[in-house]
Amino acid sequence: MMTNKLKLLWRNSRPGIVLILLLCSFTYSSAQTANTIKGVVKDAQGGPLPGVTVQVKGTSRSTATDLNGSFKISANKGSVLEFRFIGFELKEVEVGDETNITVTLSENQRSLNEVVVVGYGTATKKELTSAITTVKAEQFNAGVVSTPADLLEGKVAGLNITNDGNPNGSATVTLRGPSTVRPAGSAAFYVIDGVPDADFKLVAPADIASISVLKDASAAAIYGTRATNGVILVTTKKAKPGQLRMTYDAYASMDKISNSFKVASADQLRAYVKANGQSFTPANDNGGNTDWQKAVERSSGFSQNHNLSFGGGTDKTVYGGSLNFLDNQGIVKTSDLKRVIGRLNVSQKTLNDKLKLDFSVSNSVTNSGLLVNDIPLSTANGQSPGLFKSIVQYLPTRTIYNADGTLYNDPTLKLGYNPVGLITNDTYQQKVNLLLANTKAELQLPFGLLYNLNLAYQSRTTNNNTYYDSASELAPGLGGKAIRSTYEDTKKLFENYLSYAHNWNNKHDFKALFGYSYDETTVGNGFQSVAQGFPSDATSYYNMGLGNQTGVNADLGNTSTSFNTLRLISFYSRLNYSYLGKYILQASIRRDGSNAFGTNNRWGYFPAVSAAWRVIDESFMKSQNLFDDLKFRVGYGQTGNALGFNPYTPQTLYSSTGSFYYNGAYTSAIGITQNPNPNLKWESTATLNGGIDFSLFKGRLGGSVDVYDKKTTNMIFDVPVSTINNFVSTTTSNVGSMSNKGVELALNGTPVKTKDFTWSSYGNIAFNKNKITSLGNNLSKIYVGDPEGPGQSGIKVSIIEAGYPLGEFYTLKYIGRTNGVSTFMGANGQPTTTPTSADQTYAGNAQPTYTFGWGNDFTYKKFSLNFFFRGQGGNKIMDASLASFNQPTQASAHGVPVLTLSEPGNDVNANLYSTRYLESGTFVRLSNATLSYKTKIPGNYIHGLRFYVTGTNLFIITKYKGVDPELNLSLNNQASGQFIGVDSNNFYPKTRSFLAGVQVDL
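Bear in mind the structure is a predicted one, so any value in this text is a computation, not a measurement. (Residues numbered from 1 in each chain as written. Predicted model: local features only at pLDDT ≥ 70, side-chain atom pairs only at ≥ 80, totals over all residues. Heavy atoms only, no water.)

Engineer: What is the right way to look at the pairing of strand 27 (residues 564-579) in this model?
Structural biologist: Two faces belong to every sheet, and in a regular strand the side chains alternate between them. Here 16 bridges tie strand 25 (residues 508-532) to strand 27, and the two strands are oriented antiparallel to one another. Bridge pairing in strand 27 links Phe510 to Tyr577. Looking at chain direction, strand 27 and strand 28 (residues 583-594) are connected through 12 bridges and run antiparallel. Across the sheet, the residue bridging to Phe571 is Arg591, located in strand 28. Counted along the chain from strand 27 to the antiparallel partner strand 28, the turn is three residues long, and its residue Leu580 has a positive phi close to 60 degrees. (Pairing = 2+ DSSP bridges. Helix = DSSP H or I, 4+ residues; strand = E, 2+ residues; numbered from the N terminus.)

What follows is the structure, encoded as structure tokens:
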């Protein structure tokens, strides 16, 4: 009986036992054929290469070479080892019987094979026919960076980026001179990992692999109506198959104010007032000796940044992600920025690798402590509540506090606001939640066709919370006032394009792309609530129910946006042809349709064509030894500018036009506030660009030269019209044109390169000449730029006129003093002490004629030092901050600059805007410098360490007497040439920062 059971068990178990034996046999066989391969990796000169990735092809098994270039890895006979290292060609070595090998890697030809991101695809640098500049992560500016645009300051010829010290500020980006006078239409267009118009603040600087700038229209025209101000393509870091990585990067920074406005102290002011026969009222001098700048500023600001990134995968599946935290404490009290950014991405291949799917999601949560300057406000008494204006205007002879500990307030509220009160009694908090979800598909079809699908959804939710407490000077007598609002902006994108590539006989290379996109953006979907009269300030804006509804329409309707939906439908195509790799032609066209323009001009065409001749590949260049690469480029294209428009721009708008008394109450009156214009269309810019790319002395020196002519037509103004045929006195129309002409030069070289020491240097310089070429029939001159100084409201300091550049100063000509009173040249050629606007004259250009950047990298063994200078010149600045407060006759009424102490006490004209306050804006700044130490660590846990210290804004060389000659033009509606070059006490102090950081490769 037992024998039968054993037989039955053997019969049922026999297949499993056989399988186990086979597996054991296979394992034994594998163990027999697996070898431990040792070796060393060297460069062409025989020097060891540490940090080279060694991977068994098709598996996740990998290692890295040590400081001596040595490695050890287990591999089967017949398998292939892959050797990868940045700057060198990939090399594959098949495993044979040998167990010790030596591998030599060759440096790749960077100038030829470097991959550059272009619109809707990539290309090698040798194939480019347009002006495109790519900046890689290792070339970015170091320092505390809250907006990624700061990474490019000075790095790209012709790209001018300015910013101030505000952690919540936005950089102003101008490419090849201004192309519009509209504040909302002067921004560059950003594309992040192929998603057009994605929010730049969704990406942490540490996650960016490279940034490409499409500078000329032949490259940017593929983006049509949004490309005039330049297209900036951001590529984030991605993991590679078989490469497991994790990196932690952190730094801490201390910030100090680099320069301050020179204000007279209380003792200096008292002495000056007494010497000039003036006197203080008791309210203006209560024994104070206050430095208002120090009272509202921190002695030092502290910032920290932490970034953890990871990634890995196989040939089929690749994943990656990052988590970033930035805490940027502003130098002004209560101003700060705290931001958390999380990113995840997965890439999957399927259908025998013919289908590649990419999924990514990014989320950013930003909490900002804002200042009164960050939010447009007006008050009942007409005084500007600007913090930086109040710092100078408020008398230093006043104390911060009263004897009972409450803040001292000006009883009349005519001479500014207590600056400490503006940051103590008034709270402005903002929270922005950004989400971007993106799905891409790439499908290989028969006949060499490739289909790409791009779906994206972006959401931006903004919560603004404002509270004026019961002691606030901005809401006096209201018992506290709270304003809360929430708005959501959404973006939906559907893009797909079909591409085809084919090569005939290694001579004719042809590529084609055809695409369609649908882009829908909805903004202003939200509401606002206002309450006042709170029993206590303890709950701030958190409990609106404790207050009373104001019932004031101006409060309830005080919104920065209106609900609208903008739709853009596009068709685009691009063709590339190359013969023998040396004669290259590219042509593209885009057709855009937008509901932001008149019914008669909803669609527009944007063509471009460019060509390149690779001279280096000609037979007559084979015998020379000077050039390694030489290419000529020429391109022409047209782009549009539809940025800053909403669908209501060309339509008749109705809004509140006042109120009337009806049935015992005041009721809002509704009327037409905007004329329709069915013929309105986008601004159009045509650019002709010619360039040369070159490399000499075996790659030791390279660069490019570009010359361009950029013409903008159909510029958009609000032009005056007759109310006989129109509802209101202005209509938004296409009337103006503008020209920008310039030259750009970029160079990079390696003067010294030895085994242990390398010195590389790079730089660029760009020259640009801007000019208004025409205006409309009713717009021969437009007077702009109103600094609104005391007693000078409505006085303009700039002019827009054909034949002059955008930002031309138009002001009084100062010729000295007459009996102590400032005197100016009158329109009749005679001196006058009672000037009028008729005496103003052309006084100089606010735009820089040249900008430049110059950097150097020194590497000695494990140490490296790099520093970067940038600057500009040829422009003038109107120091309206100095002019506005230089009032000797009012020295007892408000604070004055130190300059006033040397002024005659009877000069009633001292503060009038004139050429006296026009100064040179030329400067050279040591933008940043970094010293670092990097080492490899043997073992299985930490692969590498990098320690670094960085200083930013270390010094500046300039003749400008104001706070800083580099003005940020994103403030108070200044993001256009209408107010360019005017320093009007609205600046956030620039800082000098010192940071220490560490990078750990795990």
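Engineer: Any chance you could explain the sheet that holds strand 1 (residues 34-42) here in plain terms?
Structural biologist: Think of a sheet as strands paired side by side through backbone hydrogen bonds, with each pair either parallel or antiparallel. Strands sit in the order 4-1-7 across an open sheet of three strands; the sheet is mixed. Unpaired on one side and paired on the other, strand 4 (70-76) and strand 7 (100-104) mark the two borders of the sheet. Adjacent strand axes in the sheet meet at a mean angle of 35 degrees when their direction is disregarded. Examined bridge by bridge, strand 1 and strand 4 share seven bridges and lie antiparallel to one another. Bridge assignment links Ala34 to a residue of strand 4, and that residue is Asn76. (Axes fitted to C-alpha atoms, helices over the stretch in contact; angles between N-to-C directions.)

Engineer: I'm lost on the pattern of salt bridges in this one. Help?
Structural biologist: Oppositely charged side chains may form a pair once their charged atoms are brought near each other. Under the criterion given, the structure shown has 33 salt bridges. Between Lys338 and Asp327 there is a salt bridge; the shortest N-O distance is 3.9 Å. Of this pair, Lys338 sits in strand 20 (residues 336-350) while Asp327 sits in strand 19 (residues 317-329), placing them 11 residues apart in sequence. Residue classification places Lys338 among the partly exposed positions, given a relative accessible area of 36%. Close ionic contact of Asp592 with Arg590 constitutes a salt bridge, the shortest N to O distance being 2.8 Å. By the burial criterion, Asp592 is buried, and Arg590 matches it. (Salt bridge = Lys/Arg side-chain N within 4 Å of Asp/Glu carboxyl O. Buried < 20%, exposed > 50% of the residue type's maximum accessible area, 1.4 Å probe, protein only.)

Engineer: It is not clear to me how the packing of aromatic side chains should be interpreted in this structure. Could you clarify?
Structural biologist: In this description, an aromatic ring pair is defined by two values, namely the gap between the centres and the angle between the planes. Taken as a whole and judged by the stated rule, the model has 33 aromatic pairs. Plain terms: the ring middles of Phe597 and Trp682 are 5.0 Å apart, the flat faces sit at 75 degrees to each other, and that makes the pair edge-to-face. Here Phe597 is found in the loop between strand 28 and strand 29 (603-614), whereas its partner Trp682 is found in the loop between strand 32 (665-674) and strand 33 (683-696), with 85 residues between them in sequence. Accessibility classification places Phe597 together with Trp682 in one group, the buried group. Seen from their ring centres, Phe757 and Phe858 are 6.4 Å apart, and the 25 degrees between their planes marks the pair as stacked. Of this pair, Phe757 sits in strand 36 (residues 757-774) while Phe858 sits in strand 44 (residues 850-860), placing them 101 residues apart in sequence. Residue classification places Phe858 among the partly exposed positions, given a relative accessible area of 23%. Site record: aromatic cluster; members linked through ring pairs are Phe757, Trp759, Trp854, Phe858, Phe867, Phe869 and Phe955. Positioned above the aromatic ring of Phe868, the side-chain terminus of Lys155 is 3.9 Å from the ring centre. Looking at Arg591, its charged tip hangs above the ring of Trp603, at a distance of 4.1 Å from the centre. (Phe/Tyr/Trp six-rings, centres within 6.5 Å; stacked < 30°, edge-to-face > 60°. Lys NZ or Arg CZ within 6 Å of the ring centre and 35° of its normal.)

Engineer: Explain the environment of Thr758 to me, please; I cannot follow it from the model alone.
Structural biologist: Relative to the elements of secondary structure, Thr758 occurs in strand 36. Distance in space between the C-alpha atoms of Thr758 and Asn548 is 70 Å, their sequence separation being 210 residues. If we ignore the near neighbours within four places in the chain, the residues touching Thr758 are Thr750, Val752, Lys753, Asp857, Phe858 and Thr859. (Contact = heavy atoms within 4.5 Å.)

Engineer: Whenever I open this one, the sheet that holds strand 39 (residues 808-811) confuses me. Can you help?
Structural biologist: With antiparallel pairing, four strands are arranged side by side in an open sheet as 37-38-39-43. What marks the edges here is a single partner per strand, and that holds for strand 37 (782-784) and strand 43 (841-845). Averaged over all pairs of adjacent strands, the angle between their axes in this sheet comes to 40 degrees, without regard to strand direction.

Engineer: What am I meant to see in the side chain of Lys155 here?
Structural biologist: Relative to the helices and strands, Lys155 is located in the loop between strand 10 (132-136) and strand 11 (159-162). Here Lys155 sits buried without a salt bridge, and the closest side chain of opposite charge, Asp857, lies 6.9 Å off (N-O distance). With near-sequence residues (within four places) excluded, Lys155 lies in contact with Val135, Gln139, Phe140, Asn141, Tyr762, Asn764 and Phe868. (Lys, Arg positive; Asp, Glu negative; His and termini not counted.)

Engineer: Got a minute to help me understand the pairing of strand 25 in this structure?
Structural biologist: Relative to strand 25, strand 24 (residues 481-504) is paired through 23 bridges, and the arrangement is antiparallel. The residue bridging Ala482 from the neighbouring strand is Ala531, located in strand 25. Counting the residues in the hairpin turn of strand 24 and strand 25 gives three residues, including Asn505, whose phi is positive at 55 degrees. Of the pairings in the sheet, the one linking strand 25 to strand 26 (residues 548-549) comprises two bridges and is antiparallel in character. Following the sheet pairing, Gln532 is matched in strand 26 by Asn548.

Engineer: What should I look at first to understand the environment of Val54 in this one?
Structural biologist: Position of Val54 among the secondary structure elements: in strand 2 (residues 53-56). Residues Val54 and Leu81 lie 27 residues apart in sequence; the distance between their C-alpha atoms is 6.6 Å. Ignoring anything within four residues of it in the chain, the contact list for Val54 reads Arg61, Ser62, Thr63, Thr65, Phe71, Ile73, Glu82 and Phe83.

Engineer: What exactly am I supposed to notice about the nonpolar core here?
Structural biologist: What tends to happen in soluble globular proteins is that the nonpolar side chains get buried as a cluster. Core analysis: the largest hydrophobic core is formed by 30 residues, its most contacted members being Leu152, Leu159, Val173, Phe200, Ile208, Ile211 and Ile232. Where this core is concerned, the elements lending two or more residues are strand 11, strand 12 (172-175), strand 13 (189-192), strand 15 (208-214), strand 16 (231-236) and strand 22 (426-444). Setting aside chain neighbours within four positions, we find Ile211 in contact with Thr133, Thr134, Val135, Phe140, Leu152, Phe200, Ile232, Leu233 and Val234. Counting residues in hydrophobic clusters, the runner-up holds 25 residues, among them Val296, Val332, Val372 and Ala475. (Core = buried A, V, L, I, M, F, W, Y, C linked by side-chain atoms within 4.5 Å.)

Engineer: Can you help me understand a nonpolar patch on the surface in this one?
Structural biologist: A surface patch of nonpolar side chains, about 620 Å² in accessible area, is lined by Met246, Leu308, Leu323, Val340, Tyr941, Ile942 and Leu1002. Its location among the elements puts Leu308 in strand 18 (residues 301-313). (Patch = residues over 30% accessible without salt bridge, like charges linked within 9 Å, V, L, I, M, F, W, Y side chains within 5 Å. Areas by Shrake-Rupley, 256 points an atom, 1.4 Å probe, with all protein chains shown as cover.)

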